[in-house]
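Observations on the model geometry
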2 protein chains.
Amino acid sequence: LNAGAFVRVRKMLLDLPASDVALLLESSPAKTRQELWQLLDADFHGDVLEELSEDVRNGIISKMVPSSVVDALEDMDTDDLAETLSTLPEDVLQSVLASMDAQDRMRAEKALSYGEDTAGFIMNTDTITVRSDVSIDVVLRYLRLKTELPENTDTLYVVNRRDVLLGTVSLSRLLTAHPDVNVDEIMDDESEAINVDTPESDVAQMFERYNWLSAPVVDNDYNLVGRITIDDVVDIIREDAEHSMMSMAGLDDEEDTFAPVGQSTKRRSVWLGVNLITALLAAAVSDLFETTLSQLAVLAILNTIVPSMGGVAGNQTLTLVIRGMALGHVSPSNSLWLVRKELAIGFFNGLIWSVLIASVIAIWKQDYALGGVIAFAMMMNMIAAGLSGATLPIIMKKLKIDPALAGSVILTTITDVVGIFAFLGTATIFLID
Amino acid sequence: LNAGAFVRVRKMLLDLPASDVALLLESSPAKTRQELWQLLDADFHGDVLEELSEDVRNGIISKMVPSSVVDALEDMDTDDLAETLSTLPEDVLQSVLASMDAQDRMRAEKALSYGEDTAGFIMNTDTITVRSDVSIDVVLRYLRLKTELPENTDTLYVVNRRDVLLGTVSLSRLLTAHPDVNVDEIMDDESEAINVDTPESDVAQMFERYNWLSAPVVDNDYNLVGRITIDDVVDIIREDAEHSMMSMAGLDDEEDTFAPVGQSTKRRSVWLGVNLITALLAAAVSDLFETTLSQLAVLAILNTIVPSMGGVAGNQTLTLVIRGMALGHVSPSNSLWLVRKELAIGFFNGLIWSVLIASVIAIWKQDYALGGVIAFAMMMNMIAAGLSGATLPIIMKKLKIDPALAGSVILTTITDVVGIFAFLGTATIFLID
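This report concerns the structure included in the present document. Everything numeric in this text was worked out from a predicted model, so none of it was measured.

1. Quick word on the overall build of chain A
Helix and strand counts for chain A stand at 22 helices and six strands. Expressed as a percentage of contacts within chain A between residues at least 6 apart in sequence, the contacts between residues at least 24 apart total 67%. Of the accessible surface of chain A, which amounts to about 18,300 Å², a share of 56% is contributed by carbon and sulfur atoms. Placing the 30 positive and 63 negative side-chain charges of chain A at their respective mean positions leaves the two points 1 Å apart.

As structure tokens, then:
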């Protein structure tokens, strides 16, 4: 950048809201990212860091001096602080903590004390609480004494002397109530509170299902400890929904589109390595039929069709069941029904595509026996695809393995092996003298 | 269900909130769904319909008599009404509209008048507006006259005599302001409004980026026409994120996990049909090398490895670029950089995996020439995978084709064809006398 451009870019960056600057950084290659970061005002750093995705944020923080990191973290909300610190590499985290003064370090350690991915981890502690026996008028005067309410406050929490949550009063209820009535007459004492240890994905499901804007967080004694607002939950909802897609392609959820080549190559190699083993396994199955393949080259040509169709059908079932689980639709009570349904679809898929492929082969290769063999293999593999596509994620979930991560590989291995075995095995029996 | 169970289930259903009943219906096979639906009180029908996914809702509505549908729609918010009506099959929609009285029909037609998937379509019309020259005290008294505010109201809108939006006042600002000041002194006149024609996915991106809870919707003259609240946007965010995963597996976004077998088989057959053509195309490429394959059966055995690795690597790139586009990170200005990066990853992937596969083949088959041939094919295919994985979605987006829907099939076709050509072609040249 030359001096003129430097001044112009800097001016532009200063005018943008933090979220737009974050988007710009995320859309830039690592080198440009560092240059842009230098141009930002130091007191703007915290706001931008909050909005960045994990990978990009860590890349930037690990290049900052610890004391500037501490400055940037100073104004962050508890939930953003916990999120930022928890994803840092251990050595960077330690040097940042070491640069903090005692008060900041206590706050950071408190924020990190809740389990990652729990309600406590994503909550904010800036709640406004009122007593149940005061009048609305008193509440209104109390609020007016504050110059502003914490961001995204839509509800006041009613607690007793020992901080036990008794109920909630929404701001809109507060505004429509008569000033003379007491809080306990208008408070909602049936609203649900979230336990501090609830996993964040359950929190997201509750927000989505009940259309909440915010919810109180309580500890095991029902003491109010914080609140969760929908804007933080939105990120979790998107991450949860993206997680399956990224995992099924063998990618890390947080993979940064503009990461350096070396880092990306390394991350993606795990999946390619697993796939190489799978492909070699399929080749080893074909290898069992070497004599058959050497006698009939046409089998080699058609050998990929049945595994490929099984893979697609199986992945359709797998994807649907994984999504059904994520939405909370699939449970032990309806799993058997679902497996039976997918088995039936596998059977009908088998019927349709075996008739079709047999016709194509009969016309293309003028060989009815070969058509019959490939049709039988197709039938077998479609049934195997439906069955394994439905049962694999259910079994894996029971074993507490993430089905999105390994399901697709195991499924493809099954459909490859079954497809090749059925095709080359049947061909060996019926087509080879 | 016997009579005793009937009474018990009914009692249980009546105690559940609408969203839980919806979840229960979505988690049940079609037959059970109808039985459960019959057990619900008719005046609860509307609340439950709102919460159901498109496919499940349409299944239920098409089995109801039009007049009961009209009753159920009566209490719905504008956005839910528009959503419900727009997804109905044309004939059902017509008979429902025909059963409405003039006033309801006008309301329905108004709700349907905005383009599907636009801000107008997802907005609610129940805004609370105030004038800029009145005092906060007057506003507070005005609000107290209403017994309750519309659901999820967090902001009042300030408009002039001709309904032009001048600014916004959040409820929390209203509560902290002094009663004597005027609205125009505390209103935020820089808050952004959404145009009624903005696509809903852009609306979702804005809510996510700027952490909004609600936003005003204006027409082209900046007249206030409604508001969008985050709870409706959450559904769009989830659907957008899920869309790519479902499309890449060849599934309809709205596919109902518990749909009848016939319906599911039919829907999934499109993708399987496309895949059959792709698989036949790959077979046709192998067919060109029939003489080679008949001379060396080992080529038939290893023929699937290179295409399979190319498919996985290409799909990793494709998935990452598609997600980058969905998040707004990939733009014309950084596309070239991204293509070059993925090309470089393809090259390094090629290096790593060609060395590995060559070593495996050299050991397994004791054939160094064969190892060299497969290594060369792997190198070519990995580069093709990186290049097409990055360029395909960018080109498809320019042509306004959804990359998630067709990208994966086209990519796999490319990596299959390049992989087979490179492997069998090189083998024909170097291994066959």
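2. Considering the packing of helix H16 (residues 261–287) of chain A against helix H19 (residues 305–326) of chain B
It is the contact of H16 of chain A with H19 of chain B, at a shortest axis distance of 9 Å, that shows an interaxial angle of 150°. Here H19 of chain B runs roughly antiparallel to H16 of chain A, going by the angle between their axes. The crossing of H16 of chain A and H19 of chain B is right-handed. Here Arg 268, Trp 271, Leu 272, Asn 275, Leu 276, Ala 279, Leu 280 and Ala 283 of chain A of H16 of chain A lie close against H19 of chain B, whose contacting residues are Ile 305, Ser 308, Met 309, Val 312, Ala 313, Gln 316, Thr 317 and Leu 320 of chain B. Class assignment for the residues of the contact of H16 of chain A with H19 of chain B results in eleven nonpolar, four polar and one charged.

3. Quick word on the relation of the copies chain A and chain B
Under the fitted operation, chain A is carried onto chain B by 0.0 Å of movement along the axis and a turn of 180°, and the coordinates agree to an RMSD of 0.1 Å. What the superposition gives is, in effect, a two-fold axis relating one chain to the other. Most of the interface of chain A is mirrored in chain B, where 100% of its interface residues are also at the interface.

4. Some words on the nonpolar core
Generally speaking, nonpolar side chains in soluble globular proteins are found buried as a group. Ranked by size, the top nonpolar core spans 108 residues in total, and within it Val 48 and Ile 228 of chain A together with Val 48 and Ile 228 of chain B carry the most contacts. Ignoring sequence-local partners within four residues, the contact set of Val 48 of chain B consists of Ala 18, Val 21, Ala 22, Leu 25, Trp 37 and Leu 40 of chain B. Judged by nonpolar contacts, the second largest core, of 76 residues, contains Ile 305, Trp 353 and Val 373 of chain A together with Phe 289 of chain B.

5. Observations concerning the pairing of strand S2 (residues 155–159) of chain A
All names here are of chain A. Burial analysis of S2 places five of its five residues in the buried class, the great majority of the element. Residues Thr 155, Tyr 157 and Val 159 line one face of S2 and the alternating positions Leu 156 and Val 158 line the opposite face, and both faces are buried. Bridge count between strand S1 (residues 129–130) and S2: two bridges; the pairing is parallel. Bridge pairing links Thr 129 to Tyr 157 in S2. Regarding the hand of the β-α-β motif, the stretch spanning S1, helix H11 (residues 136–145) and S2 is right-handed. Counting the residues that bridge the hairpin from S2 to strand S3 (residues 165–170) gives five residues, and of these Asp 163 lies at a positive phi of roughly 70°.

6. So, the side chain of Ser 388 of chain A
Mapped onto the elements of the fold, Ser 388 of chain A is located in helix H21 (residues 368–398). Excluding anything up to four places from it in sequence, Ser 388 of chain A contacts Pro 393, Leu 411 and Ile 414 of chain A.

7. Let's talk about the sheet that holds strand S2 (residues 155–159) of chain B
Residues and elements named next belong to chain B. Strand order in the open sheet made by the three strands is S1-S2-S3, with mixed pairing throughout. Pairing within the sheet leaves two strands with one partner each, and these edge strands are strand S1 (129–130) and strand S3 (165–170). Of the strand pairs in this sheet, S2 and S3 are connected by five bridges, and their pairing is antiparallel. Looking at the pairing, Leu 156 lines up with Val 169 of S3.

8. Section: the interface of chain A and chain B
Where interface size is given, it is often the accessible area lost as the parts come together that is meant. With 109 residues of chain A at the interface, the matching set in chain B holds 109 residues. Where chain A meets chain B, there are eight salt bridges. A salt bridge links Lys 365 of chain B to Asp 287 of chain A; its shortest N-O distance comes to 2.7 Å. There are 36 residue pairs in polar contact (both at pLDDT 80 or more) connecting chain A and chain B.

9. Focus on the sheet that holds strand S6 (residues 224–229) of chain B
All names here are of chain B. The sheet built from three strands is open, its strands ordered S4-S5-S6 with mixed pairing. A single partner strand is all that each edge strand has here, and the edge strands are strand S4 (194–195) and S6. Of the strand pairs in this sheet, strand S5 (residues 214–218) and S6 are connected by five bridges, and their pairing is antiparallel. When the sheet's bridge partners are listed, Val 217 is paired in S6 with Gly 226.

10. Side note on unusual backbone geometry
Residue and element names in this part refer to chain A. Phi is positive for Asn 211, which is not a glycine, with a value near 55°. Positionally, Asn 211 belongs in the loop between helix H14 (200–210) and strand S5 (214–218). In this model, Lys 400 sits at a positive phi of 60°, which is unusual for a non-glycine residue. Here Lys 400 is to be found in the loop between H21 and helix H22 (403–431).

11. Quick word on the pattern of salt bridges
When their charged atoms lie close together, side chains carrying opposite charge are able to pair. Following the criterion strictly, the structure yields 20 salt bridges over all chains and no others. The shortest N-O distance in the salt bridge between Arg 227 of chain A and Asp 126 of chain A comes to 3.3 Å. Here Arg 227 of chain A, found in strand S6 (residues 224–229), pairs with Asp 126 of chain A, found in the loop between helix H10 (119–122) and S1; they are 101 residues apart in sequence, far enough to count as distant. Judged by relative accessible area, Asp 126 of chain A falls into the partly exposed class, the value being 26%. Within the structure, one salt-bridge network assembled from shared partners comprises Glu 208 and Arg 323 of chain A together with Arg 238 and Glu 242 of chain B.

12. Re helix H5 (residues 54–61) of chain A
When you tally the buried positions in H5 of chain A, you get six out of eight residues, the bulk of the element. Looking only at H5 of chain A, the buried set comprises Asp 55, Val 56, Arg 57, Asn 58, Ile 60 and Ile 61 of chain A.

Rules and cut-offs
- Each residue is numbered by its place in its chain's sequence as written, counting from 1.
- Going through the entries in the order they are written, you letter the chains from A and number the ligands from 1.
- Given that the model is predicted, a residue must reach a pLDDT of at least 70 before its local features are reported, and side-chain atom pairs must reach 80 or more before they are shown or counted; all residues, however, enter totals for whole chains, interfaces and linings.
- Excluding hydrogens and water, the side-chain values take into account all heavy atoms of the structure.
- Elements are defined by DSSP. Helices are runs of H or I of four residues or more, strands are runs of E of two residues or more, and each kind is numbered from the N terminus.
- Note on contacts: a residue pair qualifies if any of its non-hydrogen atoms lie within 4.5 Å across the two residues.
- Only the protein chains shown count as covering a residue, and every accessible area follows the Shrake-Rupley method with a 1.4 Å probe.
- The sign given to each residue is positive for Lys and Arg and negative for Asp and Glu; His and the chain ends receive no count.
- Lys charges are placed at NZ, Arg charges at CZ, Asp charges at CG and Glu charges at CD.
- In this description, a line fitted to the C-alpha atoms serves as the axis of each element, helices being fitted only across the stretch in contact, and the angle between N-to-C directions of two axes falls anywhere from 0 to 180 degrees.
- Oblique is the label for every angle not falling under 35 degrees (roughly parallel), over 145 degrees (roughly antiparallel), or within 65 to 115 degrees (roughly perpendicular).
- In this scheme, a crossing is called left-handed if the near helix is turned counterclockwise away from the far one by less than a right angle; it is called right-handed if the turn is clockwise.
- Residues are grouped as follows: nonpolar covers Ala, Val, Leu, Ile, Met, Phe, Trp, Tyr, Cys and Pro; charged covers Asp, Glu, Lys and Arg; every other residue, Gly included, is treated as polar.
- Least-squares fitting of one copy onto the other uses the C-alpha atoms of those residues that reach a pLDDT of at least 70 in both copies.
- Remark: nonpolar core denotes a set of buried residues (Ala, Val, Leu, Ile, Met, Phe, Trp, Tyr, Cys) joined through side-chain atoms within 4.5 Å.
- Type-normalised accessible area, obtained with a 1.4 Å probe on protein chains alone, sets the label of each residue: buried when under 20%, exposed when over 50%, and partly exposed for intermediate values.
- If DSSP finds at least two bridges between two strands, the strands pair.
- When the strands point away from the viewer and the path from the first strand over the helix to the second turns clockwise, the crossover is right-handed.
- By definition here, a salt bridge exists when the distance from a side-chain nitrogen of Lys or Arg to a carboxyl oxygen of Asp or Glu is within 4 Å.
- N or O atoms within 3.5 Å of each other form a polar contact, as long as, within protein, one can give a hydrogen and the other can take it, and as long as residues adjacent in sequence are counted only when both atoms are side-chain atoms.

Geometry only, nothing functional implied.
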